[in-house]
Amino acid sequence: MADVKFKRKHLRSPLKTIALYQSDCYIFKAKCLNISEGGVLLENLPSVPEINAIPLMLSLPQFPEFHSITTARLKEIEVDELSAEIIRVKARIVRQFEGVSEVDQIFITRIGCEFVLVNDHAKLLIKKYVSTFAKNTIFLLNLFESHGNDESRINVIRHVSKLLGYDNSLKLAVLRQKVLHDYQSLESL
């Protein structure tokens, strides 16, 4: 039986964006790696706040559901043209530093944050983002399975991969593995 404390409570999706947060009187930015209804994974925080509830501001891109639009329309979409919703939340840092020296703590680059204050609108936006990203990941995985070395389908795969934040210049097999890994990470363990 799996250890219950490591079981995820919520589905999560990659979110490749910048998060702004406040520490003391300063505003910092960190890379956002993924998000769920329960929290966010941040990377490269220039300063780790010592407060219980960190004010965070995140941008959630509003993806269409790719399966519901034509291939021609899909090819026209560019990442920077997607509308985005800005959410403001408060989160507490959840980290395991037991047994880690203060010097080694400096080298920890990823910090999980659990939401402690999220309004209903932000919850709904996060839930929609995660759900749509999951559907679009399944759509992309189906494209990988059905491309049959057709150059136009491969171009669609590369474009959809770019839209979802993947390096579309990778070899198809490597790109598929990255997408599959993220899909498997969406699920609760």
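Please refer to the structure higher up on the page.
Note that the coordinates shown come from a computational prediction; the quantities given were computed from them, not determined experimentally.

Novice: Honestly, helix α4 (residues 151–163) in this entry has me stumped. Any pointers?
Specialist: Its 13 residues give α4 an end-to-end C-alpha distance of 18 Å, which sits within 8% of 18 Å, the value for a rise of 1.5 Å per residue. Listed in full, the buried residues belonging to α4 are I154, V156, I157, H159, V160, S161 and L163. Immediately downstream of α4, the backbone of G165 shows phi near 95 degrees, a positive value.

Novice: Could you clarify how one ought to interpret the pairing of strand β2 (residues 26–36) in this entry?
Specialist: Strand residues, when the strand is regular, have side chains that alternate between the two faces of the sheet. Where strand β1 (residues 12–23) lies against β2, 10 bridges are found, and the strand directions are antiparallel. Bridge pairing in β2 links S13 to I35. Where β1 folds back onto β2 in an antiparallel hairpin, the turn is made up of 2 residues, including D24, whose phi is positive at roughly 55 degrees. Strand direction decides the pairing type here: β2 and strand β3 (residues 39–43), joined by 4 bridges, are antiparallel. Within β3, the position partnered with K31 by the bridge is E43. Here β2 folds back onto β3, and the loop between the two strands holds 2 residues.

What counts and what doesn't
Residues numbered from 1 in each chain as written. Predicted model: local features only at pLDDT ≥ 70, side-chain atom pairs only at ≥ 80, totals over all residues. Heavy atoms only, no water. Helix = DSSP H or I, 4+ residues; strand = E, 2+ residues; numbered from the N terminus. Expected span 1.5 Å × (residues − 1). Buried < 20%, exposed > 50% of the residue type's maximum accessible area, 1.4 Å probe, protein only. Pairing = 2+ DSSP bridges.

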